[in-house]
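# Geometric and topological summary
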Amino acid sequence: MDLRQLEYFVAVAEEQNFTRAAERVHISQSGVSAQIRQLERELGAELFDRSARTVTLTVAGKAALEHARAALAAAGAVGQAVGEVTDLIRGRLTVGMVIGCTITPLFEALSAFHQEHPRVELSLLEDNSDRLVEGVRAGTIDLALIGTGSATPDGLDALTIISERLVVAVPAGHPLAKRRRVTLRDLVAHPIVCMPPGTGLRTVLDRACAAQNLRPVIALQASAADAIADLAARGLAAAVLSESTAANYRDRLTARTIDDVETPALLALIWKNTHSPAVRELLVHSRQAFAKPEPK
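Presented here is a report on the structure given in the accompanying data block. In every chain, residue numbers begin from 1 and rise along the written sequence. For this predicted model, a pLDDT threshold of at least 70 governs which residues receive local features, and a threshold of 80 or more governs which side-chain atom pairs are given and counted, while totals over whole chains, interfaces and linings are taken from all residues. The basis for every side-chain value is the complete set of heavy atoms in the structure, and neither hydrogens nor water enter the calculation.

## Description of the sheet that holds strand E6 (residues 157-164)
Note: two strands are recorded as paired if DSSP finds a minimum of 2 bridges between them. Secondary structure elements follow DSSP: runs of H or I no shorter than four residues count as helices, runs of E no shorter than two count as strands, and numbering proceeds from the N terminus. An order of E4-E3-E5-E12-E6 is seen for the five strands of this open sheet, with the pairing classed as mixed. Two strands lie at the open edges of the sheet, namely strand E4 (120-127) and E6, each paired on one side alone. The mean angle between the axes of side-by-side strands here comes to 20°, regardless of whether they run parallel or antiparallel. Sheet analysis places strand E5 (residues 143-148) next to strand E12 (residues 265-271), joined by six bridges and oriented antiparallel. The residue bridging glycine 147 from the neighbouring strand is leucine 267, located in E12. To obtain an axis, a line is fitted to C-alpha atoms, over the contacting stretch when the element is a helix, and the angle between two such axes runs from 0 to 180 degrees between their N-to-C directions.

## Some remarks on helix H1 (residues 3-15)
In a helix, the anticipated span is given by 1.5 Å times the number of residues less one. For H1, built from 13 residues, the straight-helix expectation of 18 Å at 1.5 Å per residue is met to within 8% by its first-to-last C-alpha distance of 18 Å. Considered for burial, the residues of H1 that qualify are Gln5, Leu6, Tyr8, Phe9, Val10, Ala11, Val12 and Ala13. Polar contacts, as counted here, are pairs of nitrogen or oxygen atoms within 3.5 Å of one another; within protein the pair requires one atom able to donate a hydrogen and one able to accept it, and residues that are adjacent in sequence qualify only if both atoms are side-chain atoms. Here H1 starts with a cap whose side-chain oxygen sits 3.1 Å from the backbone nitrogen of arginine 4, and that cap is aspartate 2. Looking one or two residues beyond H1, the residue adopting positive phi is glutamine 16, at roughly 55°. Only protein chains enter the accessibility calculation, which uses a 1.4 Å probe. A residue is then buried if its area is under 20% of the maximum for its type, exposed if over 50%, and partly exposed in between.

## A few points about the sheet that holds strand E8 (residues 192-194)
Spatial ordering of the open sheet is given by E9-E8-E10-E7-E11, a layout of five strands whose pairing is mixed. The open sheet is flanked by strand E9 (218-221) and strand E11 (254-257), the only strands paired with a single partner. For this sheet the average axis-to-axis angle between neighbouring strands, irrespective of direction, equals 35°. Two strands pair when backbone bridges link them, and E8 and E9 are joined in this way by three bridges, in the parallel orientation. Opposite cysteine 194, over in E9, you have glutamine 221 as the bridge partner. Packed on one face of the sheet, helix H9 (residues 225-233) meets strand E7 (166-170), E8, E9 and strand E10 (238-242) and runs near 160° to E8. Any two residues whose heavy atoms approach within 4.5 Å at even a single point are treated as in contact.

## Things to note about the packing of aromatic side chains
Stacked, tilted and edge-to-face are the three classes assigned to paired rings of Phe, Tyr and Trp, where Trp is represented by its six-membered ring and a pair needs centres within 6.5 Å; plane angles under 30 degrees give stacked, over 60 edge-to-face, the rest tilted. In total, this model carries two aromatic pairs according to the counting rule given. Counting every residue linked through ring pairs, the aromatic cluster contains Phe9, Phe18 and Phe48.

## Observations concerning the environment of leucine 6
Counting through the fold element by element, leucine 6 comes out in helix H1. When residues no more than four places from it in sequence are discounted, the contact partners of leucine 6 are Met1, Leu39, Ala68, Ala71 and Leu72.

## Brief notes about the pattern of salt bridges
For salt bridges, the criterion is a side-chain nitrogen of Lys or Arg within 4 Å of an Asp or Glu carboxyl oxygen. Under the criterion given, the structure shown has 15 salt bridges. Across the pair glutamate 40 and arginine 50 runs a salt bridge, and its minimum N-O distance is 3.1 Å. Placement of the pair is glutamate 40 in helix H3 (residues 29-43) and arginine 50 in the loop between strand E1 (48-49) and strand E2 (56-57), with a sequence separation of ten residues. With a relative accessible area of 27%, arginine 50 lands in the partly exposed category. Residue aspartate 127 pairs with arginine 131 through a salt bridge whose shortest N-O separation is 2.6 Å. With a relative accessible area of 18%, aspartate 127 lands in the buried category. In this structure, a network of salt bridges that share partners links the residues Glu14, Glu15, Arg20, Arg24, Glu66 and Arg69.

Next up, the structure:
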């Protein structure tokens, strides 16, 4: 049996007439009769007494009627609940991403979210982490993927995606490549290429240098990891990167963990609140996407 048959059955029971029931459900009388007969065959009992002008329910029909009404009501409730959620998850969602990010699960999360909620207009913007944090605080950005030196920026919620130590990456002929251990003092004896201020990795480096009263020479800055690696590979400066990022360039750069910088550089999703159903749904998809291992 299906919901259409139950709808026809209830219509005939309430109208007590096949013709009026057919008009009510907007199909022919023969169509209603055929579907009712099919339902009766499936149930193994007649539901209506057709011997008089007025159609009446049999004992089996009376037993089935309330269950049929309940089934139709439940189906309607499912549709209404989905409709209400769909109506809520609409509008515009602004997502931020730190400049130079090479982590792709955020794109997978946005794609899955868009497929389920196509009526939400998505907007993606790149900026440095400090400005993204301020945008989330101000409410102009709903959710952002940032690099940070602290697990949770003040006043915001956060989900840490990656937590990694800082490394220095240099070409094979560089003096630091010959060392088994590299300290921050060793590093600052050489020109450095790294991310610009406002990024999580740069914040960790700057704070570590300040704690030891060291003044690094930041010779070059770039927002993209590829650019930093290219500059370092050409011998222009020692690159400061995260562990997993530096591993992408092992064919041309030697990486050494900076031993006395124990504070990790973090990549985190941040948001201000989850009052918005769209934000809640995107967080669900983001957790799922970031939980999957990245392809090698």
